[in-house]
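Structural features, examined
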Amino acid sequence: MLPQKSIRAILLFAVVTIVRPSQGQQIWYVRADAKGANAGTSWEDAFSDLHGALAAAGAGDEIWVAAGIYKPDRGTGDRSISYEVPGGVAIYGGFAGWETERDQRDWVANETVLSGDLNADDGPQDCEQHSDCCVAHRSAGCDDPECEALICAIDPDCCDPIRFRLWDSNCALAASVTCCHIGNWNACDNSFALLIVEKSEVPTVIDGLIIESSFASVDRGDEPFVIGGLVGLDATIKISNCTFRGHNFRGIAARFGGDLDVAHCVFVDNTGTGVDAAMAALRVTDSEFHRNKLGGIDAQTSGTVERCVFARNGILALNFFGPFGELMRVTSCLFVNNRGGGLGISGLGSVGVVTNCTFIDNSGGNALLTSGTIATVTNCVFLGNVFSTGPALSGHFSSVTLINCLLAENVGTNWTGAIDFSEGTLRLKNCTLAHNRGAGASGGINLFGNTTGIFENTIFWGNTRIRATGQADQFQLFSGATATVNYSLIQGWDGSLGGVGNFGADPLFVPGPAGDYYLSQTAAGQGVDSPAVDAGSDTAVNLSLDTMTTRSDEGSDIGIVDIGYHFPITGGKLIPGDFDRNGLIDLFDVSGFQNCFTGQGPTDVPPSCRIFDFVPDSAIDLTDFKALQLTLTGPG
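Residue numbering note: each chain is counted from 1, following its sequence as written. The predicted origin of the model limits local features to residues at a pLDDT of at least 70 and limits the giving and counting of side-chain atom pairs to 80 or more, whereas totals for whole chains, interfaces and linings rest on all residues. Note that water and hydrogens are dropped before the side-chain values are worked out from all heavy atoms of the structure.

1. Regarding the pairing of strand 22 (residues 318–321)
Regular strands place their side chains on alternate faces of the sheet. Only protein chains enter the calculation, and the probe is 1.4 Å; a residue is then buried if its accessible area is under 20% of its type maximum, exposed if over 50%, and partly exposed in between. Put simply, DSSP marks the helices as runs of H or I at least four residues long and the strands as runs of E at least two long, and each gets a number from the N terminus on. Side chains L318 and F320 of strand 22 all project onto a buried face; the interleaved residues N319 and F321 project onto a face where none is buried. Here strand 19 (residues 297–300) pairs with strand 22 via three bridges, running parallel. By the bridge assignment for strand 22, D298 is matched with N319. A pair of strands is treated as paired once DSSP finds two or more bridges between them. Inspection of the sheet shows strand 22 paired to strand 25 (residues 343–355) by four bridges, in the parallel sense. Looking across to strand 25, one finds that F320 is bridged to I345.

Spelled out as structure tokens, the structure:
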């Protein structure tokens, strides 16, 4: 016979089981065209509206939503109504309406849209086509007198021609919110927020949805907190396989604690930021951020961003502000064609760890900006960025270490091309700074004020500026800044900085499978060894570079380390003569050869042109042209 305690426990378990199934077992169904009992218990009797499922669901339950367009106002036009998600509930979109297993859904084919376009009148035109009030144009005011007057009253800096800031992106955003009624913009009657997630000890899951077209407004009393595509207030949320698009302010806003985990999501064409996280732990992986006007991510919290793409965003594509020692890790991300800069890490005591990232063709600010932070940047490439307000990398009151980084072909139209640094410590280890161009100071690095530079195993070559020659083209020290330089190759080296192992010979860059800044080596088929080969301070294995390469045939670095940037081993193959890297030797490559033929010696041949050095003698001449003719494989 069972003890009385055991009997009571069994009865209690039975009662709980009757009241609610075990967590994760209750599924509620939503289908816009459902014709059944509207009970949410099957696809046939599904709720026709998401509100019904949210009212029925509790922590641990799942809501399956079939393809369709769902709006939170229930036809009332009330902008303040949102989908309020109980903590711990999981919402999954992407169903056709017949599935019996969650893995059967297809969120790409079966678009499940939560839309704030309550009147279904949003069109391709937005405020930018009605007025330049929504565009940052760096002149005083905008083209609509009524809108301009409203914004001038809020922020006089936007309209005063003597002020420095003038009409910037903040003024433009204020206009898009405040002046909506003036331009008759259809989006101004959209929902304030689509999803509001409540606090819970159990994570809330949002998966497989398209969330679009919320519109911020000063009409909302609790603005700026409860506006955006998805708002989490002290909530723990896991978001996957979702698209956030066309929001007038934020795609996601996470505030006042909790955790935010975003994976495999797309943030596109949002007027504000894709993700805005403050006082919430953040993790974003395998996601894309495109054309978000105030940037992709604005984080005031610790976090991790991995394997993400940031393209054509405004302001900083990823802005991390951590004033209390927070840590931000950015790993294997691509920053390309952003028009307000790439990555910013700031806040006194903040810590940034940036690894395996590429910054290419960005403009408008800096590829990487640090302020008041401790940052380590490893195995990163800064290529072809062009900035009017600063160089590729700018640091202030920071301690920044660059390990095995390539900074090449960056342009500073007003100052330095590669790096400006003031009031801190800058360390370079096994880096290459090549063919950067500055308009005011050196093309490579400028150090200012109470700054210490420590450079080791690093190449400075081909960096130029308008008024510098020789070593001054590569880097300069201003206002008491100092530098310690060892085992480095510096064009125009004059010995004035002392150190050991330094010299100024041509590094003989050659192209390879992943770029143009490999080192010429006879073992890889070139005619001569670069002087940077085996010229470093230690062994490659001790510097953790023995699994990487400076050779165009991708042979690993062994023994004494080569000076300069080491490429990852790709397993790819360089095709001699394939100047445009399309896998063919064709007439386009012949055209490229014509531009390269003028270089007749090792010091005159650009790295990209050395792909034509068929007869390895470090010159591009008629012998190489005959070899190119024999290899033509393309059409024509």
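2. Points about empty space enclosed by the protein
Cavities and pockets were defined on a 1 Å grid built over protein atoms only: a cavity is a set of grid points that admits a 1.4 Å probe from which the probe cannot escape, a pocket is an open set flanked by protein on both sides within 12 Å along at least five of seven lines, and lining residues are those with an atom within 4 Å of any such point. Grid points are joined across faces, edges and corners, and a volume is the space filled by probe spheres set on the points. Under the definition given, this model contains one cavity of 30 Å³ or more. Looking at the largest cavity, its volume works out to about 50 Å³. Along the walls of the largest cavity sit L508, V510, S520, Q526, G527, R610, D613 and S618, which together make up its complete lining.

3. Thoughts on the state of the cysteines
Disulfide: a covalent bond formed between the sulfur atoms of two cysteine residues. In plain terms, two cysteine sulfur atoms within 2.5 Å form what is called a disulfide here. Scanning all chains against the criterion turns up three disulfides. With a sulfur-sulfur separation of 2.1 Å, C152 is cross-linked through a disulfide to C159. Negative torsions about the S-S bond denote left-handed disulfides, and the value of about -110° found for C152 with C159 makes this one left-handed. For C159, a relative accessible area of 16% gives the class buried. The disulfide partner of C596 is C609, and the S-S distance across this bridge is 2.0 Å.

4. Some thoughts on unusual backbone geometry
Generally, phi is negative for residues other than glycine and the peptide bonds are trans, each holding for most cases. Positive phi values are uncommon outside glycine, yet D269 reaches one of about 60°. Structurally, D269 is set in the loop between strand 15 (266–268) and strand 16 (275–278). You can call D269 partly exposed: its relative accessible area is 37%. For S332, which is not a glycine, the phi torsion comes out positive at approximately 55°. The topology assignment puts S332 in the loop between strand 23 (327–331) and strand 24 (334–336).

5. Examining the sheet that holds strand 33 (residues 411–412)
Across the sheet, which stays open at both edges, the four strands sit in the order 29-33-37-41 with parallel pairing between neighbours. The open sheet terminates on both sides in strands that have one partner only, identified here as strand 29 (386–387) and strand 41 (464–465). Where strand 33 meets strand 37 (residues 437–438), two bridges bridge the pair, whose relative direction is parallel. The partner of V411 across the bridge, within strand 37, is R437.

6. Let's talk about the environment of R307
Along the chain, R307 turns up in the loop between strand 20 (303–306) and strand 21 (309–311). On the basis of relative accessible area, R307 is assigned to the partly exposed category, the value being 41%. Sequence-wise, R307 and H264 are 43 residues apart; in three dimensions their C-alpha atoms are separated by 9.8 Å. If sequence neighbours within four positions are ignored, R307 has contacts with T285, D286, S287, T331, S332 and C333. Only heavy atoms matter for contacts: two residues are in contact if any of them lie within 4.5 Å across the pair.

7. Describing the pattern of salt bridges
Any Lys or Arg side-chain nitrogen located within 4 Å of an Asp or Glu carboxyl oxygen qualifies as a salt bridge. Under the definition given, this model contains 13 salt bridges. Between R245 and E212 there is a salt bridge whose closest N-O contact spans 2.7 Å. Here R245 is found in strand 12 (residues 243–245), whereas its partner E212 is found in strand 9 (residues 210–212), with 33 residues between them in sequence. Between R291 and D269 there is a salt bridge, with its nearest N and O atoms 2.7 Å apart. Of this pair, R291 sits in the loop between strand 18 (288–290) and strand 19 while D269 sits in the loop between strand 15 and strand 16, and the two are 22 residues apart along the sequence. What you see here is one network of salt bridges that share partners, running through R250, R255 and D276.

8. Concerning the packing of helix 8 (residues 587–596) against helix 9 (residues 622–630)
Packing of helix 8 against helix 9 leaves a shortest axis separation of 11 Å and a crossing angle of 175°. As the angle between them shows, helix 8 and helix 9 are arranged roughly antiparallel. Packed against helix 8, whose contacting residues are D589, V590 and F593, the element helix 9 presents D624, F625 and L628 at the interface. Residue composition of the contact of helix 8 with helix 9, grouped by class: four nonpolar, no polar and two charged. Note on definitions: angles span 0 to 180 degrees between N-to-C directions of axes, and those axes are lines fitted to C-alpha atoms, for helices only across the stretch in contact. By definition in this entry, angles of less than 35 degrees are roughly parallel, angles greater than 145 are roughly antiparallel, angles of 65 to 115 are roughly perpendicular, and the rest are oblique. We call Asp, Glu, Lys and Arg charged. Ala, Val, Leu, Ile, Met, Phe, Trp, Tyr, Cys and Pro are nonpolar, and the rest, Gly among them, are polar.

9. Overview of the side chain of N502
Inspection of the secondary structure puts N502 in the loop between strand 44 (489–490) and strand 45 (509–512). Side-chain atoms alone can form a polar contact between residues adjacent in sequence; in general such a contact is a pair of N or O atoms within 3.5 Å, and within protein one must be able to donate a hydrogen while the other accepts it. Polar contacts involving the side chain of N502 include one to the main-chain carbonyl oxygen of V485, which spans 2.9 Å. Among the polar contacts listed, one links the side chain of N502 to the backbone nitrogen of Y487, at a separation of 3.0 Å. Sequence-distant contacts of N502, that is, excluding residues within four places in its chain, are made with V485, N486, Y487, S488 and W493.

10. Observations concerning the environment of I560
By the element assignment, I560 lies in the loop between strand 46 (515–519) and helix 8. The class of I560 is partly exposed, set by a relative accessible area of 37%. Distance from I560 to N542, taken between C-alpha atoms, is 9.4 Å for residues 18 residues apart in sequence. Apart from the residues within four sequence positions on either side, I560 is in contact with D534, A535, G536, D538, T539 and A540.

11. Re helix 9
The periodicity of an α-helix, 3.6 residues per turn, causes residues three or four places apart in sequence to face the same way. Among the residues making up helix 9, those that are buried are D624, A627 and L628. The buried residues of helix 9 all sit within an arc of 105° when viewed along its axis, so they share a single face. In helix 9, the exposed positions angled more than 90 degrees off the buried face are occupied by L622, K626 and L630. It is the directions from the helix axis to the C-beta atoms that the arc portrays.

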